[in-house]
Amino acid sequence: MVFLNGMKKSLWLVLVFFVFFIILVSMVSFFSMLAENCMHMKVGDKIAFFNISFFINCCIRYLPWCAVISLIVLILYIIKHKFSIPQFIIPYFILSLSIWLLGVPGVSYLYENIQKSDPIPIPDDENLSVGYFRPDGEYLTYVTGTSDAAGEIWRRKVFLGRKDNSDDGKYADVLIESVVRAPDWATLVHEKCLILKQTCSRSLEKGYLSYLLFATMGFAVSFIIFLCRFSSWRLVNVLTVLISFFIILFANICFYDQSIVEKIPFLEKWWIPLAFNVTLCVLFGTVGIINWVRHPERNRRGK
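Residues numbered from 1 in each chain as written. Predicted model: local features only at pLDDT ≥ 70, side-chain atom pairs only at ≥ 80, totals over all residues. Heavy atoms only, no water.

With respect to the side chain of threonine 240
Relative to the helices and strands, threonine 240 is located in helix α7 (residues 234-256). Of the residues examined, threonine 240 reaches a relative accessible area of 19% and is grouped as buried. Not counting chain neighbours up to four residues away, the residues in contact with threonine 240 comprise Leu227 and Phe230. (Helix = DSSP H or I, 4+ residues; strand = E, 2+ residues; numbered from the N terminus. Buried < 20%, exposed > 50% of the residue type's maximum accessible area, 1.4 Å probe, protein only. Contact = heavy atoms within 4.5 Å.)

Focus: the nonpolar core
If you look at the biggest cluster of nonpolar residues, it comprises 53 residues, and the most contacted ones within it are Ile75, Phe88, Trp100, Phe214, Ile224 and Ile225. For this core, the secondary structure elements donating two or more residues are α1 (2-40), α2 (52-80), α3 (85-116), α5 (184-206), α6 (208-222), α7 and α9 (271-294). No other element matches the 11 residues that α2 contributes to this core. Beyond its immediate stretch of four places on either side in the chain, isoleucine 225 contacts Ile75, Ile78, Phe88, Ile89, Tyr92, Phe93 and Trp292. (Core = buried A, V, L, I, M, F, W, Y, C linked by side-chain atoms within 4.5 Å.)

Considerations on the packing of aromatic side chains
The final tally for this structure, using the stated rule, is 18 aromatic pairs. When the centroid spacing of 5.7 Å and the interplanar angle of 40° are considered together, the rings of tyrosine 208 and tyrosine 211 count as tilted. Taken as a pair, tyrosine 208 and tyrosine 211 lie in helix α6 at a separation of three residues, close to a single helical turn. Here tyrosine 211 falls in the buried class, since its relative accessible area comes to 0%. (Phe/Tyr/Trp six-rings, centres within 6.5 Å; stacked < 30°, edge-to-face > 60°.)

Shape is all these values report; function is a separate question.
Okay, here's the thing in structure tokens:
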């Protein structure tokens, strides 16, 4: 009977996760679709309010990252309700490992292939600067490599109907851009978070082992679950979980942000993210286990 009750509560957590996930991915995709609609909008032209193509594209683009955020929300749900350790640890780590080992690489690979499915002619006579995204009509061009030697030319269609008279090449009409453009701080945050997505894609191109090095960030995020009973005060636990998540996010962005690596060359070493994330895993796990042993009353089953 006790085993069946435990199974029910574990399955309930899985259901709660998927409810959070569906709500989050739907909201993110919907508002991202509206943002892309604004980017394509031109004064005087009609445009559909709901664009199914944009919506599906945004779903695929943000699906793995919405799953990661849903895991953090699930931890907050666990803090709010009482579960025994096996009741929440087992389903949580099954979900987390499935997302980081299968979901994130699988969906990222799918999205990259969808983007590359339309063959794009690459000009041979252009002398483009290395390391910069350059808007070119309906395309975005990027040259990999260093300042001394250029590598491959990456070129992809981005926004249909975009004109180069906008400030940054992202909007079809500069008048629309001046009204709906996101504030600079929001753009900066989005660009910094985009670094992780680009790093994930590059690591997958190198192979799954290379991706696992990137995924150590995910393992550190997963081990935050050990802090959910850090204190008898739920607010303290919530703040501990959120602060830990943002510290991991910020630190890993720093490891892959070239503007920061140029100032702190030490961060460029491949083993730095591995050492940092594994250290946090050990630290979180140790704190959680010690806390659970010393304060078992915080982990009683709920009714």
